[in-house]
Amino acid sequence: MPVILHDTLSREKRPLLLKPGREVFGMYCCGPTVYGPAHIGNFRTFTLQDVLRRTLEVAGLKVKHVRNITDVDDKTIRGAQAAGQTLGAFTQGWTDKFHADCRALGLLVPHVEPSAIEHIPQQVAMIQALVDRGHAYVAKDGSVYFKVCSCADYGKLTHLDRSKLETQAKNSAGEANDADEYERESASDFALWKSRKPEDGANFWPSPWGEGRPGWHIECSAMSLAHLGATFDLHGGGIDLCFPHHENEIAQSECATGVKGYAAHWFHNAHLMVDGEKMSKSEGNLYTLLQLEAKGFTANELRYVLIGGHYRGPLNFTLAGMEAARPAIAKLERWADRLLALAGFSRADFAAPSSHEVQTTWGRFAPAWDILQEDLNTPGCLGQIFTVVGENGEVSPHQAREDVCGLAKILHALGIVLFVPKPELGVPAAIADLGARRWAAKQAKDFAAADRLRQELTAAGWTMLDRKDGFDLRPL
Ligand code: AMP
Ligand code: ZN
C-alpha cells in the first residue's frame, strides 16, 4: 500500500508514487528565513516534513529532500545592519543555530540545503527567461515584475477568484506581506528583482537590469529547478505559504520553463498556535527549543508534542502538553524493556534502526503503520501504538521479537527516540553552551556578541553572573 496524502492543489488524497522511469522522489520544502531563532512553530512544519520523508523511506521510496535557506530579504538585511555584521556572517550565525536545533530534534539532514545568495545567477537567469517570454517587465527604476495577467491559470493552487485579485498585500493566513512598494503595472504583480536602494547597504548584485537583489518568491523556483528539475514530486510548507508564495512559485516556474505540472503534490500543514493565535515573531508569543530546554524539557519530548496533532489541523501548544510527553515516552520505554528481555534483545539492538530495516514484519504495529500511511495520521498512529502497549496477556519470545522490530520501525518513522539520557538536574547543556560562548566573546572583547548572547540567555530564563576568573549561571 502506498503512502496516501492530501494534496492542496487537487484537494484530494492521492498516493505518493515514483513517476515511471524515475528512481528518486523529489521533495522541496521552503526552509527558514535566518534572521533570528527558529521557533517551535517553524519546527512543527520542519518536523512534519521530516516524518513524511521518513514514512516514504520506510515505505521503500528513495527520497531526495531539498530544503533551502532564505538568507537575503528585508528581514535578514535589516537584522544584519542592526547587529553591525555583514549579511553573510549574520545569516551564518542563525543558520548554525537552526542546524543545532534540527540535530537535537532528530530531523534528517536534507540531501541539498541550497542558499538563496548562492543561487543569484540561477535566479537572474530565470527572471531573464520570464522577461524574454513576455511574463515579466522592467520598471523605470530597474526593478522587474511578474505580469500576473500573462499567466492564464494563475491562482490554481488556492483556487483564487481572479476577478478579486487586486493585491499581494496579504498572505493565506491574512497577514501583511513584505510590501513591494515599487512601480508596477498592476497591484497584483509581484517583484522578481528589486533595484538597489540605499538602505540595502552593501547587499546588492549585478544583473542585466542594474544592481539590486532578488524578490523572495523567485528563489524557491530557481533552487527547485537547479536541484530537482522543472517538475518534481512534492512541495511542502506551512499553510501561510500557499498564497502568495507558492502560487507565485508555480506561475514563475511554469512560465519560465514552459513546462506545466511544477510540483505534482502540495503538502501544507496548519500552524502551531498559542491561545488561539499563530505562534509568530510578530505576535510575540513564541517559544524556542532553547527556552523549553531551559525549563528542563528535551527535544525528543518537543518532537512528541509536535507530532501529537494531525498536520491538517492547528495544534495548540501548552506547557501541560509538554509535561505529558515524558510519562508517555517512559511508558513506551517500560514496555520496550519488558519485550526486549522476552525477545533476548538488548537496548542497543533497539536503538540501531539499520538492524530493523531488513525486518519485514511489523508485529502488532502493522495497524499503526497503516494509519500513518493514510494521510500521515501521526496522532492516530500514536494512539494505536498505545493501544498495543496497553494490551495485557502473555507474549511469546517470537511475538516479542516481532513486536520489538515493529515498534522500532514505527518510532523510526515518527523520529521518536527511546532511552535517550534525561537532562541532568542543574544547568541544561544548551544554557551552559550559551554561557561559555558569551564568556569567550567577552574575553575576546567582542561586546556586541557578548550582549547578544546575554539577551539569548535572558530570553531562555537564565542570567549570567561574571566573576574575575569565570561565571555562574542562575535561573531568573
Ligand atoms: P520562515 O522562517 O518564516 O520562512 O518560516 C519557515 C517555515 O515555518 C514556513 O514553512 C512557515 O510556513 C512555517 N511556520 C511559520 N510559523 C509557523 C507556525 N506557527 N506553525 C507552523 N509552521 C509555521
Ligand atoms: Zn519557498
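Predicted model, so just to flag it, every value in this text is computed and none were measured. Within each chain, residue numbers correspond to sequence positions counted from 1 in written order. Chains carry letters and ligands carry numbers; both start at the beginning, A for chains and 1 for ligands, and go up in the order they are written. Only residues with pLDDT of at least 70 are given local features in this predicted model, and only at 80 or more are side-chain atom pairs given and counted; all residues enter the totals for whole chains, interfaces and linings. Calculation of side-chain values draws on the structure's entire complement of heavy atoms; hydrogens and water are dropped beforehand.

Undergrad: So what's going on with the site of ligand 1? Which residues, and what values?
TA: In the vicinity of ligand 1 there are 16 residues, among which T33, T45, D240, L272 and M279 approach most closely. A 3.5 Å cut-off defines polar contacts: any pair of N or O atoms within that distance qualifies, except that in protein one atom must be a possible hydrogen donor and the other a possible acceptor, and neighbouring residues in sequence count only when both atoms are side-chain atoms. Contacts to ligand 1 include M279, whose backbone N or O atom sits 2.9 Å from a nitrogen atom. When isolated, ligand 1 has an accessible area of 490 Å², and the protein chains bury 90% of it. A run of H or I in DSSP counts as a helix once it spans at least four residues, and a run of E counts as a strand once it spans at least two, with each numbered from the N terminus. Of all elements in the fold, only α1 (40–58) and β9 (234–238) reach the threshold of two or more residues within the shell around ligand 1. When residues of the shell around ligand 1 are assigned to their parent elements, the largest contribution, four residues, is made by α1. Residues that form the shell around ligand 1 fall into these classes: five nonpolar, nine polar and two charged. Residues are counted as near a molecule or strand when any one of their heavy atoms sits within 4 Å of it. The accessible surface values rely on the Shrake-Rupley method and a 1.4 Å probe; as for residues, cover is taken only from the protein chains in view. Residue type decides the class: Asp, Glu, Lys and Arg count as charged, Ala, Val, Leu, Ile, Met, Phe, Trp, Tyr, Cys and Pro as nonpolar, and the leftover types, Gly among them, as polar.

Undergrad: Run through the sheet that holds strand β3 (residues 25–29), naming residues and quoting values.
TA: Pairs of strands are assigned from DSSP output, requiring at least two bridges between the strands. Spatially, four strands are ordered β4-β3-β9-β10 in an open sheet, and the strand pairing comes out parallel. This sheet does not close on itself; its edge strands, each paired only once, are β4 (63–67) and β10 (266–269). Each adjacent strand pair in this sheet contributes to an overall mean axis angle of 20 degrees, direction not counted. As defined by bridge partners, β3 adjoins β4 across five bridges and the pair is classed as parallel. Note that in β4 the partner of G26 across the bridge is K64. The strands touched by helix α5 (residues 217–228) are β3 and β4; relative to β3, the strand with the most contacts, the crossing angle is about 155 degrees. Axis lines are fitted to C-alpha atoms, over the contacting stretch for helices. Their N-to-C directions set the angle, which ranges from 0 to 180 degrees. In this description, contact between two residues means that some pair of their heavy atoms is separated by no more than 4.5 Å.

Undergrad: How would you explain the packing of aromatic side chains if you had to name every residue and give the values?
TA: Aromatic rings from Phe, Tyr and Trp, taking only the six-membered ring of Trp, are treated as a pair when their centres fall within 6.5 Å; an angle between ring planes under 30 degrees marks them as stacked, one over 60 as edge-to-face, and anything in between as tilted. Using the criterion set out here, one finds 14 aromatic pairs in the structure. Between Y137 and Y145, the aromatic rings sit 5.8 Å apart at their centres with planes inclined by 35 degrees, giving tilted as the arrangement. Both residues of the pair, Y137 and Y145, count as buried. With 5.1 Å between their ring centres and 15 degrees between their planes, F146 and F190 make a pair best called stacked. Here the residue F146 occupies a position in strand β6 (residues 144–146), and F190 occupies one in strand β7 (residues 190–195), the gap between them amounting to 44 residues. Judged by relative accessible area, which is 0%, F146 ranks as buried. Over the aromatic face of F46 sits the side chain of R67, whose NZ or CZ is 5.4 Å from the ring centroid. Note on criteria: charge over ring means Lys NZ or Arg CZ within 6 Å of the ring centre, with the direction from the centre no more than 35 degrees off the ring normal. In this structure, R196 is placed above the aromatic ring of F204, and the distance from its NZ or CZ to the ring centre is 3.7 Å. The classification of residues rests on relative accessible area computed with a 1.4 Å probe and restricted to protein chains. Under 20% of the type maximum is buried, over 50% is exposed, and intermediate values are partly exposed.

Undergrad: How would you sum up the coordination of the zinc ion (ligand 2)? Please name residues and give values.
TA: Octahedral six-donor coordination of a metal ideally yields angles of 90 or 180 degrees, compared with 109.5 degrees for tetrahedral four-donor coordination. The protein atoms donating to the zinc ion (ligand 2) are C30 (SG), C220 (SG) and H245 (NE2), with metal-donor distances spanning 2.0 to 2.2 Å. Counting residues between consecutive donors of the zinc ion (ligand 2) along the chain gives the motif C-x189-C-x24-H. Pair noted here: C30 is in the loop between β3 and α1 and H245 is in helix α6 (residues 242–257), with a separation of 215 residues, a long-range link. Taking the relative accessible area as the measure of exposure, C30 reaches 7% and is therefore buried. A relative accessible area of 1% places H245 in the buried class. Coordinating donors are taken as N, O and S atoms within 2.8 Å of the metal, stretched to 3.2 Å for Na, K and Ca; because water is absent from the atoms, sites can appear incomplete.

Undergrad: Any chance you could break down the packing of helix α12 (residues 366–373) against helix α14 (residues 397–414) for me, citing the residues and the numbers?
TA: Where α12 meets α14, the closest approach of the two axes is 9 Å, and the angle between their N-to-C directions is 20 degrees. Classified by the interaxial angle, the pair formed by α12 and α14 is roughly parallel. Handedness of the α12/α14 crossing: left-handed. Contacts between α12 and α14 involve A368, W369 and L372 on the former and, on the latter, I410, A413 and L414. Roughly parallel means an angle under 35 degrees; roughly antiparallel, over 145; roughly perpendicular, 65 to 115; everything else is oblique. Put simply, a crossing is left-handed when the front helix is turned counterclockwise from the back one by less than a right angle, and right-handed when it is turned clockwise.

Undergrad: Which residues make up helix α3 (residues 87–104), and what values go with them?
TA: A helix is expected to span 1.5 Å multiplied by its residue count minus one. Look at α3: 26 Å from first C-alpha to last across 18 residues, which is about the 26 Å you get at 1.5 Å a residue. The complete set of buried residues in α3 reads L87, F90, T91, W94, T95, F98, D101 and C102. Take α3 and look down its axis: the buried residues cluster within an arc of 125 degrees, on one side only. Buried residues belonging to α3 abut α1, β4, α2 (74–83), α7 (289–294) and α16 (447–459). Immediately downstream of α3, the backbone of G106 shows phi near 70 degrees, a positive value. In this description, one arc is meant: the one made by directions from the helix axis to the C-beta atoms.

Undergrad: Run through the domain arrangement of the protein, naming residues and quoting values.
TA: Per the domain assignment, the segments of the protein are domain 1 (19–269), domain 2 (273–414) and domain 3 (429–475). Taken over C-alpha atoms, the centre of domain 1 sits 35 Å from the centre of domain 3. The domain boundaries here were taken from an automatic or database domain assignment.

Undergrad: Mind laying out the pattern of salt bridges, listing which residues take part and the relevant values?
TA: Two side chains with opposite charge may pair up if their charged atoms get near one another. A side-chain nitrogen of Lys or Arg and a carboxyl oxygen of Asp or Glu constitute a salt bridge if their distance falls within 4 Å. Taken as a whole and assessed by the stated rule, the structure comprises 26 salt bridges. Between R67 and E113 there is a salt bridge whose closest N-O contact spans 3.1 Å. In this pair, R67 is assigned in strand β4 and E113 in the loop between α3 and α4 (120–132), connecting sequence segments 46 residues apart. According to the relative accessible area criterion, E113 is partly exposed, its value standing at 26%. We note a salt bridge from D337 to R347, for which the minimum N-O separation is 2.7 Å. Residue D337 is located in helix α9 (residues 319–343), and its partner R347 is located in helix α10 (residues 347–351); the two are separated by 10 residues in the primary sequence. For D337, a relative accessible area of 30% puts it in the partly exposed group.

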